[in-house]
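The chain contents come next:
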Amino acid sequence: MLCAIIIVDAASTDRLLRVRQIAERFGYPPKKVHGHITLATYTGDDEDGFISSCKAILSKLGKFPVYYDKVEAWESMSGVKSFIVAVPRKEHVIVTLQKEISRDWAADLNEWTREDNWNPHTSLIHVPGIDISDVAKAMQTEFEPFVAQIDRIEFTRVYENEGKWSYEIADFVELQ
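Rules and cut-offs
Residues numbered from 1 in each chain as written. Predicted model: local features only at pLDDT ≥ 70, side-chain atom pairs only at ≥ 80, totals over all residues. Heavy atoms only, no water. 1 Å grid on protein atoms, 1.4 Å probe; cavity = no way out; pocket = protein on both sides within 12 Å on 5 of 7 lines; lining within 4 Å. Points joined across faces, edges and corners; volume = space filled by probe spheres on them. Helix = DSSP H or I, 4+ residues; strand = E, 2+ residues; numbered from the N terminus. Salt bridge = Lys/Arg side-chain N within 4 Å of Asp/Glu carboxyl O. Buried < 20%, exposed > 50% of the residue type's maximum accessible area, 1.4 Å probe, protein only. Expected span 1.5 Å × (residues − 1). Contact = heavy atoms within 4.5 Å.

With that out of the way, let us pick up the layout of surface pockets. Looking at the largest pocket, its volume works out to about 1,800 Å³. What lines the largest pocket is a set of 39 residues, among which His-36, Phe-83, His-121, Ser-123 and Tyr-167 lie closest to the centre. Taken together, the elements giving at least two residues each to the lining of the largest pocket come down to strand 1 (2-8), strand 2 (36-42), strand 3 (64-75), strand 5 (122-126), strand 6 (146-161) and strand 7 (164-174). Of all the elements, strand 5 adds the most residues to the lining of the largest pocket, at five residues.

Within this structure, the stated rule accounts for 12 salt bridges. With a shortest N-O distance of 3.1 Å, Asp-69 and Arg-89 are connected by a salt bridge. Taken as a pair, Asp-69 in strand 3 and Arg-89 in the loop between strand 4 (81-88) and helix 3 (92-105) lie far apart in primary sequence, 20 residues in all. You can call Asp-69 partly exposed: its relative accessible area is 30%. A relative accessible area of 38% places Arg-89 in the partly exposed class. Two residues, Arg-103 and Asp-104, come together in a salt bridge whose shortest N-O distance is 3.2 Å. Classification of Arg-103 as exposed rests on a relative accessible area of 57%. Here the salt bridges do not stand alone but share partners, grouping Glu-47, Arg-157 and Glu-168 into one network.

On to helix 2 (residues 47-58). Taking 1.5 Å of rise per residue, 12 residues should cover 16 Å, and helix 2 covers 16 Å from first to last C-alpha, within 8% of that figure. Regarding helix 2, the residues found buried are Gly-49, Phe-50, Ile-51, Ser-53, Cys-54, Ile-57 and Leu-58. In this structure, the buried side of helix 2 is in contact with strand 1, strand 2, helix 3, strand 6 and strand 7.

Encoded structure:
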């Protein structure tokens, strides 16, 4: 699969990492935070066409801010709150960008990145099958809203092999 992702600036990624580190108090080992927001997860066969189409959409776009408002615990497929995310506002720029990509490629996007299901977020921690609501509450207490700068969109291939994930940047766009 190929993901079109918004890359969050380094200072904001560091802020998200500091929030993630709160989980260490609860016995969850330190882990790197990948400062990004997934716009679309493409599962079709025409990666070059998908990237070209997205680049055409992005050509109209300059650098923009993303406002992170809160931290939330989300339920996983099992119904347990095992997923903690930092949630940005659904501002006009990212909503419009995602909507244009989804409109053009809906049939080839995974269900979570189609326009009607998409919820922008940055993953902080996922502990399958374990309710980590208490960790989320601690993170919420210490979280302060902030503005991240976005000046890069990447197209990243995601591979899964025996439960291990690997990533490869296929292409990117530097926003002006």
